[in-house]
Amino acid sequence: MCLGIPGRIVEITDAGRMAAMADVSGVKREVNIACVAEGDPAALVGRWALIHVGFAMALIDEAEAAATLEALRHLGEAQETLEQIAEGARALS
Amino acid sequence: MRYVEEFRDPGAAKALIARIGEVAEAIGATREQPVRIMEICGGHTHAIFRYGLDRLVHEGIEFIHGPGCPVCVLPMARVDEAVEIAERPGVIFTSFGDAMRVPGTKKSLLQAKAEGADIRTVYSPLDALELARRHPDREVVFFGLGFETTTPSTALTIQQAAREEIGNFTVFCNHITVPQPIKVLLDDPHMLLDGFVGPGHVSMVIGTHPYDFIARDYGKPIVVAGFEPLDLLQSVLMVLEQIRDRRAEVENQYGRVVPEHGNPVSLAAMADVYEPRPSFAWRGLGEIDASGLRIRPGYAGWDAEAKFGIGYGARRAREVAEPEGTRCAAVMTGRIKPTGCGMFGTQCTPETPLGALMVSSEGACAAYWQYGGRRSPEAAE
Ligand code: SF4
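Residue positions are given per chain, counting from 1 as you read along its sequence in written order. To read the labels, note that chains go from A and ligands from 1, taken in the order they are written. Totals for whole chains, interfaces and linings use all residues, but because this is a predicted model, local features are given only for residues with pLDDT of at least 70 and pairs of side-chain atoms are given and counted only at 80 or more. Each side-chain value is worked out from all heavy atoms of the structure, with water and hydrogens disregarded.

Focus: the sheet that holds strand β5 (residues 139–146) of chain B
Residues and elements named next belong to chain B.
Here's step 1: In this analysis, strands are considered paired if DSSP registers two or more bridges between them. In this text, helices come from DSSP runs of H or I with a minimum length of four residues, and strands from runs of E with a minimum of two, each type numbered from the N-terminal end. Across the sheet, which stays open at both edges, the 4 strands sit in the order β4-β3-β5-β6 with parallel pairing between neighbours. In this open sheet, the two strands that pair with only one neighbour each are β4 (119–121) and β6 (169–175). Direction aside, the axes of adjacent strands within the sheet are offset by 25 degrees on average.
Here's step 2: Across 7 bridges, the pairing between β5 and β6 is parallel. When the bridges of β6 are listed, Phe-143 appears paired with Phe-172.
Here's step 3: Running at roughly 170 degrees to β6, helix α5 (residues 76–86) makes contact with β3 (91–95), β4, β5 and β6 of the sheet. In this analysis, axes come from line fits to C-alpha atoms, helices being fitted only over the stretch in contact, and the angle between any two N-to-C directions falls in the range 0 to 180 degrees. Contact between two residues is taken to exist if any of their heavy atoms lie within 4.5 Å; hydrogens are not considered.

And the structure:
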C-alpha cells in the first residue's frame, strides 16, 4: 500500500476538483492531480505520474514509468493494485 | 546468484554486488560481525526478499527490517475501535484491503464484515467520499492509515469534503510518521544499526531533511532509495561507502522522484488538516511521542473520533498484550528473524495471521513466508 503505480493522465475531468482520468496499465481510473498541477491542469494530459491511492504524487518520465511498472509486476504489486482499483469501483455500486 | 537473471540489467546487478563485496571487505564486515543496515520501508522489505538481495550480497551485510509497514504497527486496540465504529447502525466503513485481516483483540474487520457489518474495501479515500455523496442517509467512515505517502490523500479528501460540505463523511485517523520511530530505534541500546536505507515514496512527500538528525545527531548514514532491485543495491553500496569513509550524510539515490524539499501541495494539505498527537501506540514499539497525527479541531466535522466519541486518549489505545507465544515485538525491533518465532508457519500463516507482520506483503513475516524463509540456527536470538 506504500508503493505508487505509474499511470498516464489522459483527460482532465473536473479542473475545479483537480480530477483527471488516468490510464493505469489499461485500466481507467479517476485520480486527483492537486499535488502535481502547476498552472494549467490541461498541460498534464499525456504526462506520466506515480499514482498513490488515487492521487498523482509525482511526475515521472516514460522510461521511469516503464521501469517502475516492471518492478511492481515482479513484486506482484501491479496486479494487486489493479485488483484494488476494481474493488474500489465495486464498492461504489 | 540465484535470482540475478531476473534483474532488468543483470550485468549492472552483478557489478554492484561485486562492489558491495569489495567495500564490505574493506570495512572488515563478516558474518559474525556484520554491518547492520535497516531498510525502513515495508516496500523495500518486500523487494529485498523477492529478489533474495539478502542472500546475494556479501555475507557481512545484515538487513534489519524496519517498522515501515503501516498495518503491522497498528495497535490491536485501534482495530477494535475500527470494528466498533463499523458495527454501528447506519455506518458504511471503508478501508484499504491491507487492513481488513489485521487481528484485533476480538476480531478483524473481515470477520466483522462476515458477521454483517457494512465494510467495504476501497482503493482510495476518494472512493469513500464518493460513497458518502451517493448515500447521504448513511455515515461513511474511512479508515485512514499509513505513513506520509498516504497521509496527503486523506488530508486532500477531507479538504474536498469540507469544500463540498459533505456532512456524512469522516476519517478514522491512524496516520503515523516515519522519523519518530527511527529515533526510538536509535535510542534503543539493543539496536545496533550502522546505517539506513530510507523510504522512497514517503520521502517523495516529506523530502530528505526530516532525516538530517540521523546523520547529525547519531552519526549514521542514510540513503533514500527507489524500490527497483538496482536502486536498492546502489543504495546499500552508498551506505557502505559512507561507513568506509567515516561519513554520515543524508544521500538521495532516488532523486528522479524525491525532491529535496518534498511535495509542497501535500505538505500544505497535511499541515492544514492534521496535527501531531502527544503520543501514539505502535504495535511492538509502544507509545512514541508525536509519532501519530490527529485531525485538527477546525475539521472536527470530518473526524470519526469526534463524531463517534472514540477519542484517542479518552479511551486510550492501551497496550494490549500480544497473543501467547507470539514474538512480533522482537521481530519488529530486529532482535530475532521471523523464523525465530515458534508460531511462524505453524499457527501463523498469511491465511491465518496471529500477528500483523504476517498480514501484509510488506510485513517481514509474510515476506519470509512467501519467499521461503530459511530455518537456520542463526535465525534464533
Ligand atoms: S510469525 Fe506471526 S506471531 Fe510470529 S512474529 Fe511473525 S507475525 Fe508475529
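Side note on the interface of chain B and chain A
Here's step 1: On the side of chain A, 37 residues touch chain B, which itself brings 46 residues to the contact.
Here's step 2: Summed over both partners, the accessible area lost on bringing two parts together, with a 1.4 Å probe, is the buried area. Between chain B and chain A, the buried area comes to about 3800 Å², and carbon and sulfur atoms account for 62% of it.
Here's step 3: Of the charged contacts in the structure, one is a salt bridge between B:Arg256 and A:Glu64, with a shortest N-O distance of 2.4 Å.
Here's step 4: Here a polar contact is recorded for every N or O atom pair within 3.5 Å, except that within protein the pair must consist of a potential hydrogen donor and a potential acceptor, and residues adjacent in sequence are included only if both atoms are side-chain atoms. In this structure, the connection of chain B to chain A is made through 13 residue pairs in polar contact (both at pLDDT 80 or more).
Here's step 5: Elements with a contribution of two residues or more to the side of chain B that touches chain A: α2 (42–50), β4, α7 (125–134), β5, α8 (151–164), α10 (200–206) and α13 (264–273) of chain B.
Here's step 6: Among the elements that make up the side of chain B that touches chain A, the one with the highest residue count is α7(B) (7 residues).
Here's step 7: Only Asp, Glu, Lys and Arg are considered charged in this grouping, and only Ala, Val, Leu, Ile, Met, Phe, Trp, Tyr, Cys and Pro are considered nonpolar; every other residue, Gly among them, is considered polar. Looking at the side of chain B that touches chain A, its residues break down into 19 nonpolar, 14 polar and 13 charged. In the sections that follow, a salt bridge refers to a side-chain nitrogen of Lys or Arg positioned within 4 Å of a carboxyl oxygen of Asp or Glu.

Focus: the site of the ligand
Here's step 1: Proximity is defined per residue: any heavy atom of the residue falling within 4 Å of a molecule or strand makes that residue near it. Every residue close to the ligand is listed here: B:Thr326, B:Arg327, B:Cys328, B:Val331, B:Cys341, B:Phe344, B:Cys348, B:Gly355, B:Leu357, B:Met358 and B:Cys365.
Here's step 2: The class makeup of the residues in the shell around the ligand is 8 nonpolar, 2 polar and 1 charged.

Re the nonpolar core
One broad rule of soluble globular proteins: the nonpolar side chains tend to lie buried together.
Here's step 1: Formed by 167 residues in total, the largest nonpolar core has its most connected members in B:Phe93 and B:Phe169.
Here's step 2: Top element by residues in this core is helix α12 (residues 229–244) of chain B. It accounts for 9 residues.
Here's step 3: The split of the chain into domains comes from an automatic or database domain assignment. Residue-level mapping places this core at the junction of two domains, with at least three residues from each of domain 1 (5–60) and domain 2 (62–93) of chain A. By nonpolar core is meant a set of buried Ala, Val, Leu, Ile, Met, Phe, Trp, Tyr and Cys residues that side-chain atoms within 4.5 Å join together. To sort residues, take the accessible area from a 1.4 Å probe on protein chains only and compare it with the maximum for the residue type: under 20% means buried, over 50% means exposed, and anything in between is partly exposed.

Quick word on the environment of B:Glu260
Residues and elements named next belong to chain B.
Here's step 1: Within the element layout of this structure, Glu-260 appears in the loop between β9 (250–252) and α13.
Here's step 2: On the accessibility criterion, Glu-260 (43% relative accessible area) is partly exposed.
Here's step 3: Distance in space between the C-alpha atoms of Glu-260 and Val-205 is 9.7 Å, their sequence separation being 55 residues.
Here's step 4: Apart from residues lying up to four places away in sequence, Glu-260 is in contact with Gly-207, Thr-208 and His-209.
Here's step 5: Within the local environment of Glu-260, its side chain forms a polar contact with the side chain of His-209, the two groups lying 2.6 Å apart.

A closer look at the state of the cysteines
All names here are of chain B.
Here's step 1: Throughout, a disulfide means two cysteine sulfur atoms within 2.5 Å of one another. Evaluated as defined, the whole model comprises 1 disulfide over all chains.
Here's step 2: Disulfide pairing is shown between Cys-69 and Cys-72; the S-S distance is 2.2 Å. The sign of the 60 degrees torsion about the S-S bond sets the Cys-69-Cys-72 disulfide as right-handed. Neither Cys-69 nor Cys-72 differs from the other in exposure class; each is buried.

Quick notes on the sheet that holds strand β7 (residues 195–198) of chain B
Residue and element names in this part refer to chain B.
Here's step 1: The parallel open sheet is built from 5 strands, whose spatial order is β2-β1-β7-β8-β9. Either end of the sheet is taken by a strand with one partner, and the two such strands are β2 (61–68) and β9. On average, each strand axis in the sheet is inclined to that of its neighbour by 20 degrees, with strand direction left out of account.
Here's step 2: When β7 meets strand β8 (residues 222–224), the two strands line up parallel, connected through 3 bridges. Paired with Phe-196 across the two strands is Ile-222, which belongs to β8.
Here's step 3: On top of the sheet, α12 reaches β1 (35–41), β2, β7, β8 and β9; it is set at about 155 degrees to β8, its chief contact.

Notes on the domain arrangement of chain A
Residues and elements named next belong to chain A.
Here's step 1: Along its sequence, chain A is organised into domain 1 (5–60) and domain 2 (62–93).
Here's step 2: Averaged C-alpha coordinates put domain 1 and domain 2 at centres separated by 15 Å.
Here's step 3: Contacts between the two partners involve 10 residues from domain 1, matched on the other side by 11 residues from domain 2.
Here's step 4: Here domain 1 and domain 2 share an interface that buries about 930 Å² over both sides, 80% of which is from carbon and sulfur atoms.
Here's step 5: Our enumeration of links across domain 1 and domain 2 arrives at 0 salt bridges.
Here's step 6: Linking domain 1 with domain 2 are 0 residue pairs in polar contact (both at pLDDT 80 or more).

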